[in-house]
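The lines below spell out each chain.
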Amino acid sequence: MNPSTIHALARPEVSPLPAYNAGLSSDAVRARYGVAEVARLASNENPFGASPAVGRALAGLASQLNHYPDANSTALRRAIAGRVGAEPGQIVIGNGSEDILQMLCLALLSPGDRVLTQRPGFGLHEIFPRMMNAEVQALALTPALEFDLDAWCEALARGPKIAMIANPSNPVGCLFDAAAFERLLAATPAGTLLVIDEAYVEYARLAPGFPDALAALRRQPRPWIVLRTFSKGWGLAGLRVGYGIASDAALVQLLDRVRTPFNVNHAAQTAALAAWGDEPFMDHAVAQTVQMRAALEAQLHALALPGLRVAPSAANFLFIDLGRPNGPVHEALLARGIIVKPWKEPGFEHFIRVSVGTPDENRRFLCALREILGATP
Ligand SMILES: *Cc1c(COP(=O)(O)O)cnc(C)c1O
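Residues take numbers from 1 onward in each chain, read along the sequence in its written order. Confidence filtering applies because this is a predicted model: local features only for residues at pLDDT of at least 70, side-chain atom pairs given and counted only at 80 or more, and all residues used for totals across whole chains, interfaces and linings. To get the side-chain values, all heavy atoms of the structure are used, and hydrogens and water are removed first.

Regarding the sheet that holds strand E5 (residues 162–166)
Read across the open sheet, the 7 strands follow the order E2-E8-E7-E6-E5-E3-E4; overall the sheet is mixed. Of all strands in the sheet, those bounded by a partner on one side alone are strand E2 (91–94) and strand E4 (135–139). Direction aside, neighbouring strands of the sheet carry axes that sit 20° apart on average. Where strand E3 (residues 114–118) lies against E4, 5 bridges are found, and the strand directions are parallel. From the neighbouring strand, Gln118 faces E4, where its bridge partner is Leu139. Two strands pair if DSSP finds at least two bridges between them. Working definition: helices are DSSP H or I runs of at least four residues, strands are E runs of at least two. Numbering for both runs from the N terminus. Lines are fitted to the C-alpha atoms to define the axes, a helix being fitted only along its stretch in contact, and any angle between axes, read from their N-to-C directions, falls within 0 to 180 degrees.

A look at the environment of Leu318
Looking at the element boundaries, Leu318 is found in strand E10 (residues 317–321). The spacing of Leu318 and Pro88 is 230 residues in sequence and 35 Å in space, taken between C-alpha atoms. Throughout, a residue-residue contact means that at least one pair of heavy atoms, one from each residue, lies within 4.5 Å. Those residues in contact with Leu318, other than ones at most four positions away along the chain, are Arg293, Leu296, Glu297, Leu300, Val310, Ala311, Ser313, Ile352, Arg353 and Val354.

What about the pairing of strand E8 (residues 242–246)?
Sheet faces and side chains relate simply in a regular strand, where the side chains alternate between the two faces. For the exposure calls, accessible area comes from a 1.4 Å probe over protein chains only, and a residue counts as buried if that area is under 20% of its type's maximum, exposed if over 50%, partly exposed in between. By the criterion of burial, E8 is predominantly enclosed, with 5 of the 5 residues buried. Burial of the side chains of E8 extends over both faces: Gly242, Gly244 and Ala246 are buried on one face and Tyr243 and Ile245 on the other. Looking at chain direction, E2 and E8 are connected through 4 bridges and run antiparallel. Following the sheet pairing, Ile91 is matched in E8 by Ile245. Note that strand E7 (residues 224–229) and E8 share 5 bridges and pair antiparallel. In the sheet register, Ile225 faces E8, and the bridge partner there is Ala246.

Side note on the layout of surface pockets
Estimated volume of the largest pocket: approximately 1,200 Å³. Looking at the lining of the largest pocket, the elements with two or more residues in it are helix H5 (97–108), E3, helix H6 (124–131) and strand E12 (341–342). Here the lining of the largest pocket takes 6 residues from H6, the largest share from any one element. Looking at the lining of the largest pocket residue by residue, the class counts come to 20 nonpolar, 15 polar and 13 charged. Note that the domain bounds were set by an automatic or database domain assignment. No fewer than three residues from each of domain 1 (3–49 + 280–375) and domain 2 (52–278) sit in the lining of the largest pocket. Points on a 1 Å grid, built from protein atoms alone, make a cavity when a 1.4 Å probe fits but cannot get out and make a pocket when they are open with protein on both sides within 12 Å along at least 5 of 7 lines; residues with an atom within 4 Å of a point are the lining residues. Grid points are joined across faces, edges and corners, and a volume is the space filled by probe spheres set on the points. Charged residues are taken to be Asp, Glu, Lys and Arg, nonpolar residues to be Ala, Val, Leu, Ile, Met, Phe, Trp, Tyr, Cys and Pro, and polar residues to be all remaining types, Gly included.

Considering a nonpolar patch on the surface
On the surface, a cluster of nonpolar side chains totalling about 410 Å² of accessible area is made up of Met1, Ile6 and Leu9. Among the structural elements, Leu9 can be located in helix H1 (residues 3–9). Owing to a relative accessible area of 69%, Leu9 belongs among the exposed residues under this scheme. Patch definition: residues above 30% relative accessible area lacking any salt bridge, with like charges linked at up to 9 Å and the nonpolar side chains Val, Leu, Ile, Met, Phe, Trp and Tyr linked at up to 5 Å. A 1.4 Å probe and the Shrake-Rupley method give the accessible areas. Residues count as covered only by the protein chains that appear here. What makes a salt bridge here is a side-chain nitrogen of Lys or Arg within 4 Å of a carboxyl oxygen of Asp or Glu, nothing more.

A closer look at helix H13 (residues 279–302)
Helices are assigned an expected span. That span is 1.5 Å times one less than the residue count. In a regular helix each residue adds 1.5 Å, so 24 residues correspond to 34 Å; H13 covers 35 Å between its end C-alpha atoms and thus fits that length. For H13, every residue scored as buried is listed here: Met282, Ala285, Val286, Thr289, Val290, Met292, Arg293, Leu296, Glu297 and Leu300.

With respect to the side chain of His125
Position of His125 among the secondary structure elements: in helix H6. Look past the residues within four positions of His125 in its chain and what remains in contact with it is Leu101, Val115, Thr117, Met164, Ala166 and Asp197.

A look at the side chain of Asn167
Locating Asn167 in the fold gives a position in the loop between E5 and helix H8 (178–187). According to the relative accessible area criterion, Asn167 is buried, its value standing at 1%. Polar contacts, as counted here, are pairs of nitrogen or oxygen atoms within 3.5 Å of one another; within protein the pair requires one atom able to donate a hydrogen and one able to accept it, and residues that are adjacent in sequence qualify only if both atoms are side-chain atoms. Reaching out from Asn167, the side chain makes a polar contact with the backbone nitrogen of Phe176 at a distance of 2.8 Å. In contact with Asn167, not counting residues within four places along its chain, are Phe147, Cys174, Leu175, Phe176, Asp197, Glu198, Phe210 and Pro211.

A look at the nonpolar core
Nonpolar cores were defined as sets of buried Ala, Val, Leu, Ile, Met, Phe, Trp, Tyr and Cys residues, with membership established by side-chain atoms within 4.5 Å. With 62 residues, the main nonpolar core has Ile80, Trp152, Leu184, Leu194, Leu217 and Phe230 as its most contacted residues. Counting residues per element, this core draws most heavily on helix H12 (residues 266–276), which supplies 6 residues. With residues up to four places along the chain from it excluded, the contact list for Leu194 reads Leu156, Ala163, Ile165, Leu185, Thr188, Leu217, Arg222, Pro223, Trp224 and Ile225. Formed by 27 residues, the second largest nonpolar core is a distinct cluster that contains Met103, Phe128, Ala246 and Val252.

Looking at the domain arrangement of the protein chain
Under the domain assignment used here, the protein chain contains domain 1 (3–49 + 280–375) and domain 2 (52–278). Computed over C-alpha atoms only, the centres of domain 1 and domain 2 are separated by 23 Å. Together, the buried faces of domain 1 and domain 2 total about 2,800 Å²; carbon and sulfur atoms form 65% of this surface. On inspection of domain 1 and its partner domain 2, the count reaches 1 salt bridge. Residue Arg205 is joined to Asp283 by a salt bridge in which the shortest nitrogen-to-oxygen separation is 3.1 Å. Linking domain 1 with domain 2 are 10 residue pairs in polar contact (both at pLDDT 80 or more). Here's the idea: put two parts together, see how much 1.4 Å probe accessible area each one loses, and the total over both is what we call buried area.

Structure, rendered in C-alpha coordinates:
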(Lines give C-alpha, C1' and ligand atoms only; values in the text may rest on other atoms or scores of the structure.)
Protein backbone atom coordinates (compact mmCIF):
# COMPACT_ATOMS: atom_id res chain seq x y z
CA MET A 1 0.00 0.00 0.00
CA ASN A 2 1.09 3.57 -0.62
CA PRO A 3 2.53 4.94 2.67
CA SER A 4 0.64 8.21 2.16
CA THR A 5 -2.64 6.25 2.46
CA ILE A 6 -1.60 5.19 5.95
CA HIS A 7 -0.33 8.65 6.90
CA ALA A 8 -3.65 10.15 5.87
CA LEU A 9 -5.25 8.05 8.63
CA ALA A 10 -3.02 9.52 11.35
CA ARG A 11 -3.80 12.49 13.56
CA PRO A 12 -1.70 15.32 12.09
CA GLU A 13 0.45 15.60 15.21
CA VAL A 14 1.45 11.93 15.13
CA SER A 15 3.30 11.57 11.81
CA PRO A 16 6.02 14.16 12.61
CA LEU A 17 6.84 12.59 16.01
CA PRO A 18 10.34 11.14 16.19
CA ALA A 19 10.54 7.43 16.93
CA TYR A 20 12.21 6.84 20.31
CA ASN A 21 15.90 6.13 19.76
CA ALA A 22 16.58 3.02 21.86
CA GLY A 23 19.97 2.36 20.23
CA LEU A 24 21.44 -0.93 19.00
CA SER A 25 20.89 -4.21 20.81
CA SER A 26 23.84 -6.26 22.04
CA ASP A 27 22.99 -8.96 19.48
CA ALA A 28 22.95 -6.45 16.63
CA VAL A 29 26.38 -5.16 17.67
CA ARG A 30 27.80 -8.69 17.91
CA ALA A 31 26.42 -9.54 14.49
CA ARG A 32 27.45 -6.32 12.75
CA TYR A 33 30.96 -5.93 14.21
CA GLY A 34 31.88 -9.55 14.96
CA VAL A 35 32.81 -8.75 18.55
CA ALA A 36 32.41 -11.37 21.27
CA GLU A 37 31.96 -9.08 24.26
CA VAL A 38 29.59 -6.17 24.34
CA ALA A 39 29.54 -3.44 26.98
CA ARG A 40 26.06 -1.92 27.16
CA LEU A 41 26.68 1.64 28.32
CA ALA A 42 23.91 3.45 26.42
CA SER A 43 20.78 3.02 28.55
CA ASN A 44 21.81 3.80 32.14
CA GLU A 45 21.11 0.24 33.20
CA ASN A 46 22.33 -1.07 36.53
CA PRO A 47 25.24 -3.49 35.97
CA PHE A 48 24.69 -5.07 39.40
CA GLY A 49 21.23 -6.29 38.44
CA ALA A 50 18.40 -6.79 40.90
CA SER A 51 18.39 -8.28 44.38
CA PRO A 52 18.55 -12.12 44.50
CA ALA A 53 15.19 -11.88 46.28
CA VAL A 54 13.67 -10.96 42.90
CA GLY A 55 14.77 -14.22 41.29
CA ARG A 56 13.34 -16.20 44.19
CA ALA A 57 10.01 -14.37 44.00
CA LEU A 58 9.73 -14.86 40.23
CA ALA A 59 10.57 -18.57 40.39
CA GLY A 60 7.07 -19.44 41.64
CA LEU A 61 5.15 -17.55 38.96
CA ALA A 62 5.01 -20.05 36.11
CA SER A 63 1.91 -21.75 37.50
CA GLN A 64 -0.03 -18.47 37.86
CA LEU A 65 0.32 -17.02 34.39
CA ASN A 66 -3.29 -17.81 33.44
CA HIS A 67 -4.54 -15.17 35.89
CA TYR A 68 -4.79 -11.45 35.18
CA PRO A 69 -2.58 -9.32 37.41
CA ASP A 70 -3.94 -7.10 40.18
CA ALA A 71 -5.23 -4.11 38.21
CA ASN A 72 -4.50 -1.81 41.16
CA SER A 73 -1.03 -3.11 42.10
CA THR A 74 -2.39 -3.12 45.66
CA ALA A 75 0.52 -4.71 47.52
CA LEU A 76 3.17 -2.67 45.72
CA ARG A 77 1.33 0.63 46.23
CA ARG A 78 0.91 -0.13 49.92
CA ALA A 79 4.61 -0.98 50.30
CA ILE A 80 5.74 2.17 48.48
CA ALA A 81 3.25 4.39 50.33
CA GLY A 82 4.50 3.06 53.66
CA ARG A 83 8.12 3.91 52.98
CA VAL A 84 7.60 7.33 51.38
CA GLY A 85 5.03 8.43 53.95
CA ALA A 86 2.04 8.72 51.60
CA GLU A 87 -1.42 7.17 51.37
CA PRO A 88 -1.73 4.23 48.91
CA GLY A 89 -4.28 6.35 47.05
CA GLN A 90 -1.54 8.88 46.24
CA ILE A 91 0.58 6.22 44.50
CA VAL A 92 0.31 5.38 40.81
CA ILE A 93 2.18 2.44 39.27
CA GLY A 94 3.16 2.34 35.62
CA ASN A 95 4.65 0.03 33.02
CA GLY A 96 7.84 2.01 33.57
CA SER A 97 7.63 5.64 34.64
CA GLU A 98 7.31 6.38 30.91
CA ASP A 99 3.82 4.93 31.16
CA ILE A 100 2.97 7.48 33.87
CA LEU A 101 4.33 10.34 31.73
CA GLN A 102 2.02 9.18 28.97
CA MET A 103 -0.98 8.91 31.35
CA LEU A 104 -0.35 12.47 32.54
CA CYS A 105 -0.33 13.78 28.98
CA LEU A 106 -3.42 11.80 27.98
CA ALA A 107 -5.37 12.91 31.02
CA LEU A 108 -4.35 16.57 31.18
CA LEU A 109 -3.28 17.99 27.82
CA SER A 110 -5.53 19.55 25.21
CA PRO A 111 -4.26 21.00 21.93
CA GLY A 112 -2.39 24.25 22.57
CA ASP A 113 -1.78 23.64 26.27
CA ARG A 114 1.73 24.67 27.26
CA VAL A 115 4.37 22.29 28.62
CA LEU A 116 7.73 23.44 29.92
CA THR A 117 10.84 21.23 29.89
CA GLN A 118 14.59 21.13 29.23
CA ARG A 119 16.66 20.45 26.12
CA PRO A 120 18.70 18.36 25.86
CA GLY A 121 16.48 16.33 28.12
CA PHE A 122 14.49 13.14 28.37
CA GLY A 123 12.89 12.69 24.94
CA LEU A 124 9.50 11.59 26.21
CA HIS A 125 9.09 14.81 28.20
CA GLU A 126 8.59 16.40 24.75
CA ILE A 127 7.26 13.56 22.62
CA PHE A 128 4.20 12.70 24.73
CA PRO A 129 3.05 16.36 25.01
CA ARG A 130 3.53 16.81 21.26
CA MET A 131 1.48 13.66 20.71
CA MET A 132 -1.41 15.57 22.36
CA ASN A 133 -0.71 18.65 20.19
CA ALA A 134 0.45 20.60 23.23
CA GLU A 135 2.92 23.43 22.81
CA VAL A 136 6.34 22.52 24.21
CA GLN A 137 8.82 25.10 25.44
CA ALA A 138 12.26 23.55 26.03
CA LEU A 139 14.80 25.64 27.95
CA ALA A 140 18.50 25.59 27.14
CA LEU A 141 21.36 24.73 29.49
CA THR A 142 23.88 27.35 30.57
CA PRO A 143 27.27 27.27 28.79
CA ALA A 144 28.62 25.46 31.88
CA LEU A 145 26.10 22.63 31.24
CA GLU A 146 23.93 23.53 34.23
CA PHE A 147 20.21 24.23 34.53
CA ASP A 148 19.47 27.90 33.85
CA LEU A 149 17.63 28.64 37.10
CA ASP A 150 16.65 32.21 36.16
CA ALA A 151 15.23 31.07 32.81
CA TRP A 152 13.32 28.30 34.57
CA CYS A 153 11.82 30.69 37.13
CA GLU A 154 10.75 33.16 34.42
CA ALA A 155 9.21 30.43 32.27
CA LEU A 156 7.42 28.85 35.24
CA ALA A 157 5.98 32.22 36.19
CA ARG A 158 4.23 32.32 32.79
CA GLY A 159 2.12 29.37 33.99
CA PRO A 160 2.58 26.35 31.74
CA LYS A 161 -0.02 23.65 32.40
CA ILE A 162 2.72 21.10 33.12
CA ALA A 163 6.39 21.53 33.97
CA MET A 164 8.45 18.39 33.34
CA ILE A 165 11.55 18.66 35.51
CA ALA A 166 14.06 15.82 35.53
CA ASN A 167 16.20 16.18 38.64
CA PRO A 168 18.93 15.23 38.06
CA SER A 169 18.83 15.81 34.32
CA ASN A 170 19.16 13.03 31.80
CA PRO A 171 21.44 13.23 29.72
CA VAL A 172 23.53 15.82 31.58
CA GLY A 173 23.37 14.71 35.20
CA CYS A 174 23.17 18.29 36.52
CA LEU A 175 20.77 19.07 39.33
CA PHE A 176 18.66 21.73 40.97
CA ASP A 177 19.96 21.84 44.55
CA ALA A 178 17.68 22.43 47.54
CA ALA A 179 17.87 26.24 47.32
CA ALA A 180 17.25 26.21 43.56
CA PHE A 181 14.32 23.85 44.02
CA GLU A 182 12.73 26.23 46.54
CA ARG A 183 13.08 29.06 44.00
CA LEU A 184 11.39 26.93 41.32
CA LEU A 185 8.49 26.26 43.68
CA ALA A 186 8.15 29.91 44.63
CA ALA A 187 8.08 30.94 40.94
CA THR A 188 5.30 28.50 40.00
CA PRO A 189 1.67 29.66 39.81
CA ALA A 190 -1.02 27.62 41.54
CA GLY A 191 -2.45 26.18 38.32
CA THR A 192 0.73 24.52 37.05
CA LEU A 193 1.32 20.81 37.65
CA LEU A 194 4.92 20.13 38.66
CA VAL A 195 6.14 16.77 37.37
CA ILE A 196 9.41 16.03 39.13
CA ASP A 197 11.07 13.11 37.35
CA GLU A 198 13.43 11.54 39.86
CA ALA A 199 14.46 8.50 37.81
CA TYR A 200 17.96 8.73 39.35
CA VAL A 201 16.98 9.63 42.92
CA GLU A 202 18.74 6.58 44.39
CA TYR A 203 22.06 7.93 43.03
CA ALA A 204 21.37 11.63 43.39
CA ARG A 205 20.47 11.52 47.09
CA LEU A 206 24.22 10.84 47.64
CA ALA A 207 25.12 14.13 45.91
CA PRO A 208 25.67 17.19 48.12
CA GLY A 209 22.72 19.58 48.06
CA PHE A 210 20.23 17.24 46.37
CA PRO A 211 16.80 18.38 47.56
CA ASP A 212 14.26 16.35 49.49
CA ALA A 213 11.71 17.21 46.82
CA LEU A 214 8.87 15.32 48.49
CA ALA A 215 9.29 17.25 51.73
CA ALA A 216 9.54 20.59 49.90
CA LEU A 217 6.52 19.86 47.70
CA ARG A 218 4.43 18.86 50.72
CA ARG A 219 5.09 22.23 52.35
CA GLN A 220 3.47 24.17 49.49
CA PRO A 221 0.01 24.26 47.92
CA ARG A 222 0.61 23.61 44.18
CA PRO A 223 -0.26 20.22 42.63
CA TRP A 224 2.66 17.89 41.97
CA ILE A 225 3.73 14.37 41.16
CA VAL A 226 7.16 12.85 41.78
CA LEU A 227 8.09 10.06 39.35
CA ARG A 228 10.54 7.30 40.22
CA THR A 229 11.44 3.99 38.65
CA PHE A 230 12.58 0.45 39.36
CA SER A 231 14.63 0.57 36.11
CA LYS A 232 17.78 2.26 37.35
CA GLY A 233 18.87 1.91 40.98
CA TRP A 234 16.70 -1.16 41.54
CA GLY A 235 18.00 -2.95 38.44
CA LEU A 236 14.64 -3.98 36.91
CA ALA A 237 14.61 -2.14 33.56
CA GLY A 238 13.58 -5.32 31.72
CA LEU A 239 10.33 -5.71 33.65
CA ARG A 240 9.07 -2.11 33.35
CA VAL A 241 7.88 -0.72 36.69
CA GLY A 242 7.75 2.93 37.66
CA TYR A 243 5.79 4.77 40.29
CA GLY A 244 4.50 8.22 41.00
CA ILE A 245 3.77 9.90 44.32
CA ALA A 246 1.05 12.50 43.76
CA SER A 247 -0.05 15.47 45.84
CA ASP A 248 -3.66 14.30 45.55
CA ALA A 249 -5.44 10.97 45.23
CA ALA A 250 -7.72 12.79 42.76
CA LEU A 251 -4.81 13.04 40.31
CA VAL A 252 -4.18 9.29 40.59
CA GLN A 253 -7.88 8.70 39.92
CA LEU A 254 -7.65 10.78 36.73
CA LEU A 255 -4.69 8.71 35.58
CA ASP A 256 -6.65 5.53 36.35
CA ARG A 257 -9.21 6.60 33.75
CA VAL A 258 -6.70 6.77 30.89
CA ARG A 259 -4.32 3.91 31.65
CA THR A 260 -4.81 0.40 30.35
CA PRO A 261 -6.49 -1.56 33.16
CA PHE A 262 -3.73 -4.15 33.61
CA ASN A 263 -0.79 -1.89 32.78
CA VAL A 264 1.63 -3.53 35.22
CA ASN A 265 1.97 -7.27 34.72
CA HIS A 266 2.11 -9.83 37.51
CA ALA A 267 5.84 -10.58 37.17
CA ALA A 268 6.63 -6.87 37.27
CA GLN A 269 4.55 -6.29 40.43
CA THR A 270 6.07 -9.36 42.11
CA ALA A 271 9.64 -8.40 41.20
CA ALA A 272 9.27 -4.77 42.25
CA LEU A 273 7.83 -5.79 45.61
CA ALA A 274 10.72 -8.21 46.20
CA ALA A 275 13.32 -5.62 45.17
CA TRP A 276 11.68 -3.00 47.40
CA GLY A 277 12.04 -5.43 50.29
CA ASP A 278 15.82 -5.62 49.82
CA GLU A 279 16.89 -1.99 50.10
CA PRO A 280 20.43 -2.87 51.28
CA PHE A 281 21.14 -4.59 47.95
CA MET A 282 20.09 -1.47 46.05
CA ASP A 283 22.04 0.80 48.41
CA HIS A 284 25.20 -1.23 47.90
CA ALA A 285 24.94 -1.27 44.10
CA VAL A 286 24.24 2.46 43.98
CA ALA A 287 27.14 3.32 46.29
CA GLN A 288 29.52 1.28 44.13
CA THR A 289 28.26 2.97 40.98
CA VAL A 290 28.66 6.46 42.43
CA GLN A 291 32.27 5.62 43.41
CA MET A 292 33.00 4.27 39.93
CA ARG A 293 31.45 7.36 38.35
CA ALA A 294 33.86 9.57 40.29
CA ALA A 295 36.78 7.35 39.29
CA LEU A 296 35.78 7.35 35.62
CA GLU A 297 35.39 11.13 35.63
CA ALA A 298 38.86 11.54 37.19
CA GLN A 299 40.39 9.13 34.67
CA LEU A 300 38.77 10.98 31.78
CA HIS A 301 40.26 14.25 33.02
CA ALA A 302 43.63 12.54 33.46
CA LEU A 303 43.63 11.67 29.75
CA ALA A 304 44.17 15.43 29.24
CA LEU A 305 42.72 15.22 25.74
CA PRO A 306 42.28 18.66 24.20
CA GLY A 307 38.63 19.66 23.93
CA LEU A 308 37.36 16.86 26.20
CA ARG A 309 34.86 18.04 28.81
CA VAL A 310 32.84 16.05 31.32
CA ALA A 311 29.67 17.48 32.86
CA PRO A 312 29.45 16.95 36.64
CA SER A 313 26.85 14.23 37.21
CA ALA A 314 24.65 13.22 40.12
CA ALA A 315 23.34 10.13 38.28
CA ASN A 316 24.76 6.83 36.96
CA PHE A 317 26.11 8.26 33.69
CA LEU A 318 28.44 10.93 32.34
CA PHE A 319 27.73 13.41 29.55
CA ILE A 320 30.99 13.93 27.68
CA ASP A 321 31.90 16.67 25.22
CA LEU A 322 34.37 15.00 22.85
CA GLY A 323 35.32 18.30 21.23
CA ARG A 324 34.63 16.76 17.82
CA PRO A 325 31.66 15.17 16.01
CA ASN A 326 30.40 12.15 17.93
CA GLY A 327 29.46 10.01 14.91
CA PRO A 328 32.90 8.56 14.05
CA VAL A 329 33.76 8.07 17.74
CA HIS A 330 30.47 6.27 18.34
CA GLU A 331 31.17 4.04 15.35
CA ALA A 332 34.73 3.27 16.51
CA LEU A 333 33.43 2.41 19.99
CA LEU A 334 30.81 0.07 18.48
CA ALA A 335 33.53 -1.66 16.47
CA ARG A 336 35.19 -2.40 19.83
CA GLY A 337 31.93 -3.74 21.29
CA ILE A 338 31.14 -0.66 23.38
CA ILE A 339 27.66 0.85 23.08
CA VAL A 340 27.24 4.47 24.23
CA LYS A 341 24.62 7.07 23.24
CA PRO A 342 25.71 9.76 20.78
CA TRP A 343 23.64 12.96 21.13
CA LYS A 344 21.94 14.13 17.94
CA GLU A 345 20.28 17.41 18.94
CA PRO A 346 21.59 20.60 17.34
CA GLY A 347 24.48 21.98 19.39
CA PHE A 348 25.18 18.63 21.04
CA GLU A 349 26.58 16.59 18.15
CA HIS A 350 29.94 16.54 19.96
CA PHE A 351 28.51 14.79 23.03
CA ILE A 352 28.09 11.20 24.08
CA ARG A 353 26.37 9.87 27.19
CA VAL A 354 28.04 6.87 28.78
CA SER A 355 26.52 4.85 31.61
CA VAL A 356 28.70 3.69 34.49
CA GLY A 357 29.17 -0.06 33.97
CA THR A 358 31.13 -2.78 35.71
CA PRO A 359 34.78 -1.99 36.56
CA ASP A 360 35.82 -4.04 33.52
CA GLU A 361 33.40 -2.22 31.18
CA ASN A 362 34.53 1.18 32.45
CA ARG A 363 38.16 0.20 31.86
CA ARG A 364 37.39 -0.99 28.34
CA PHE A 365 35.53 2.22 27.56
CA LEU A 366 38.37 4.38 28.84
CA CYS A 367 41.07 2.46 26.91
CA ALA A 368 39.01 2.55 23.73
CA LEU A 369 38.33 6.26 24.05
CA ARG A 370 42.02 7.00 24.64
CA GLU A 371 42.89 4.95 21.57
CA ILE A 372 40.24 6.55 19.36
CA LEU A 373 40.71 10.18 20.41
CA GLY A 374 44.48 9.86 20.71
CA ALA A 375 44.90 8.34 17.26
CA THR A 376 42.73 10.71 15.23
CA PRO A 377 43.00 14.28 16.49
C1 LIG B 1 15.22 6.12 32.46
C2 LIG B 1 14.35 7.30 32.64
C3 LIG B 1 12.98 7.18 32.79
C4 LIG B 1 12.23 5.94 32.37
O5 LIG B 1 12.20 4.99 33.25
P6 LIG B 1 11.27 3.71 33.04
O7 LIG B 1 10.72 3.55 34.40
O8 LIG B 1 12.21 2.65 32.62
O9 LIG B 1 10.21 3.99 32.04
C10 LIG B 1 12.21 8.31 33.04
N11 LIG B 1 12.78 9.51 33.14
C12 LIG B 1 14.09 9.68 32.99
C13 LIG B 1 14.65 11.05 33.09
C14 LIG B 1 14.91 8.59 32.72
O15 LIG B 1 16.21 8.77 32.49
